[in-house]
Amino acid sequence: MGIYGFVTFSIKRDQMYKDLKFSISRVKKRLEKNLGPVLFEENTRTAKNIVRSELKEIFIKSIIVLDEQKKEIKFGFKKDVKTKRIIETTEFNFFKDDTKRIRSRIVFEESDPDQTEIHIVGYLDLYISDAVIKQKLKNELYILLLAIISIGSSLGFIIYVLIKEIVVQPLEKISEVSSRVSKGDFSQRVEKRFISKDNDEISSLSKSINNMTDKIEKLTTGLKNEVDAQTKEIQLQNESFFSLLSNLDQGFLVIDYKGEVTSDSTDITKTIFGFEPKGKNITDLFKLNFTEKKAYLKWLSHVFGGVMNFKDLLPLTKKSLHLSDKHIFSLNYRPIYQVKGKKKVEKVICILKDITKEKEIQKKVNEASEKSE
């Protein structure tokens, strides 16, 4: 459209200026022909009427007739743009404007049987303006641009609607379904209206997304059921294990590398300390002084560091606990490793057993032995 419009505009512009050139040439020839005899006879009135008659041409703005030396204006006429009247004047400054001047010589041929004599009777100045042509071309250009923009906008809108209907909406739906699938929502599928019989790219992609969603939903549902079953089994095992621990006459503390208790406590463990020890530090539970606390935490750093075997480190830690004058507890430790085959300790189980009665019996045995001796 742009190329066609440019070519059409150029042809029309060239034709307008060609017509203007032809009209100027025709007016100039008429004036030269008609003014020659009347100026030779010094019939100024008739000459003025001839010039006035030519001012009806829209492209002519002014006409001046000069004397033979081109120094003075015999008479001149100019169109007033504001009042649209024809003004007669003999001042040169009055004709200085943006118009184009065309000058020609006015002659009169006097013929007799012997010879033809040519007399120069004056000079003719035509002041021409192509403003009308420029305005017409400007209007033509506006119309052409408006047509191109209108047709381009219409085509763009039609293409946009088609692309949105054929490509964008299916891709948006495919994206929505994919996003839902990534979040675990399998409730939607790509609509059948986006799947054509031509088996194009959009249709193939839509079918693939629907098939993928069906398979993922099936796999996810099966995996979820399996996970739920395993979780229930593990929960039952944990409950059974916790019940078993609760029925034992020992306390249990599961501690991390900081010495903090991380697991829930059995009733016996709560009874030993008089409160829930979970979240407390074992050095605070054992009421260790500064030196003992520093030594115990250093022992834990060696245990979790994995440089030495756990069994080799056991003799270096605290083995008994006096929480009060009435109760004495033995302390045993069991490691929980991260991965089988690697001696990397993840947690440590501290087992507390009340040995107060055993100590009393041992004390009595020792006293009886001393008496016997």
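Residues numbered from 1 in each chain as written. Predicted model: local features only at pLDDT ≥ 70, side-chain atom pairs only at ≥ 80, totals over all residues. Heavy atoms only, no water.

Novice: Is there a simple way to explain the pattern of salt bridges in this structure?
Specialist: Within this structure, the stated rule accounts for 11 salt bridges. Salt-bridge contacts for lysine 28 lead to glutamate 32; the nearest nitrogen and oxygen are separated by 3.5 Å. Separated by 4 residues within a single helix, lysine 28 and glutamate 32 lie in helix α1 (residues 2-40), roughly one turn from each other. Accessibility expressed as a relative area gives 23% for lysine 28, which makes it partly exposed. Measuring nitrogen to oxygen at the nearest pair gives 3.5 Å for the salt bridge that ties lysine 270 to glutamate 276. (Salt bridge = Lys/Arg side-chain N within 4 Å of Asp/Glu carboxyl O. Helix = DSSP H or I, 4+ residues; strand = E, 2+ residues; numbered from the N terminus. Buried < 20%, exposed > 50% of the residue type's maximum accessible area, 1.4 Å probe, protein only.)

Novice: Would you mind showing me how to read the confidence of the model for the protein chain here?
Specialist: The predicted coordinates of low-pLDDT regions are not to be read in fine detail. For the protein chain, the average pLDDT comes to 83, and 92% of its residues sit at 70 or higher. No element of the protein chain has a lower mean pLDDT than helix α4 (residues 201-247), at 74, and none a higher one than helix α2 (residues 44-54), at 90. (pLDDT = per-residue confidence, 0-100.)

Novice: Quick question: what am I supposed to make of the packing of α1 against α2 here?
Specialist: Helix-helix packing is characterised by the crossing angle of the two axes and by the distance between the axes. Contact pair α1 / α2: the axes reach a minimum separation of 9 Å and the direction vectors enclose 170 degrees. When the axes of α1 and α2 are compared, the pair comes out roughly antiparallel. Only Thr46, Ala47, Ile50, Val51 and Glu54 of α2 make contact with α1, whose side of the interface consists of Val27, Arg30, Leu31, Asn34, Leu35, Val38 and Leu39. Among the residues forming the contact of α1 with α2, the class breakdown is 8 nonpolar, 2 polar and 2 charged. (Axes fitted to C-alpha atoms, helices over the stretch in contact; angles between N-to-C directions. Parallel < 35°, antiparallel > 145°, perpendicular 65-115°, else oblique. Contact = heavy atoms within 4.5 Å. Nonpolar A, V, L, I, M, F, W, Y, C, P; charged D, E, K, R; others polar.)

Novice: I tried to follow the packing of α1 against helix α3 (residues 131-182) on my own but got confused; where do I start?
Specialist: In the contact formed by α1 and α3, the axes pass within 11 Å of each other and the chain directions differ by 165 degrees. Here α1 lies roughly antiparallel to α3, going by the angle between them. With respect to the hand of their crossing, α1 and α3 are arranged in right-handed fashion. Residues Gly2, Gly5, Phe6, Phe9, Lys12, Arg13, Met16, Tyr17 and Leu20 of α1 form the contact with α3, whose own contacting residues are Ile133, Lys134, Lys136, Leu137, Glu140, Leu141, Leu144 and Ile148. (Left-handed = near helix turned anticlockwise from the far one by under 90°.)

Novice: For this particular structure, what's the right way to read α2?
Specialist: For α2, every residue scored as buried is listed here: Ala47, Ile50, Val51 and Glu54. Across the axial projection of α2, the buried residues extend over an arc of 95 degrees, all falling on one side. Elements that come into contact with the buried residues of α2 comprise α1, β1 (60-66) and β2 (73-79). (Arc of directions from axis to C-beta.)

Novice: What is the right way to read the packing of aromatic side chains from this model?
Specialist: Each aromatic ring pair is characterised by the separation of its centres together with the angle its planes make. Under the defined criterion, the tally for this structure stands at 8 aromatic pairs. Ring geometry for phenylalanine 286 and tyrosine 296: centres 6.2 Å apart, planes at 85 degrees, overall edge-to-face. Highlighted residues: phenylalanine 286 in the loop between α6 (282-285) and α7 (290-305) and tyrosine 296 in helix α7, separated in sequence by 10 residues. Judged by relative accessible area, phenylalanine 286 falls into the buried class, the value being 4%. (Phe/Tyr/Trp six-rings, centres within 6.5 Å; stacked < 30°, edge-to-face > 60°.)

Novice: Looking at this structure, I do not really get the nonpolar core. What am I missing?
Specialist: Where a protein is soluble and globular, its nonpolar side chains tend to be buried together. Leu31, Leu35, Leu39, Ile63, Val65 and Leu124 are the most contacted members of the largest nonpolar core, which has 27 residues in total. Of all the secondary-structure elements, those providing two or more residues to this core are α1, α2, β1, β2, β4 (100-111), β5 (116-128) and α3. No other element matches α1, which puts 9 residues into this core. Not counting chain neighbours up to four residues away, the residues in contact with valine 65 comprise Leu35, Leu39, Val51, Glu72, Ile73, Lys74, Phe75, Ile106, Tyr123 and Leu124. Ranked by size, the runner-up nonpolar core spans 24 residues in total, among them Leu253, Val261, Phe273 and Val303. (Core = buried A, V, L, I, M, F, W, Y, C linked by side-chain atoms within 4.5 Å.)

Novice: Sorry if this is basic, but what is going on with the environment of asparagine 289 here?
Specialist: Structurally, asparagine 289 can be placed in the loop between α6 and α7. Side-chain polar atoms of asparagine 289 contact the backbone nitrogen of glutamate 292, separated by 2.7 Å. (Polar contact = N/O pair within 3.5 Å; in protein donor to acceptor, adjacent residues only side chain to side chain.)

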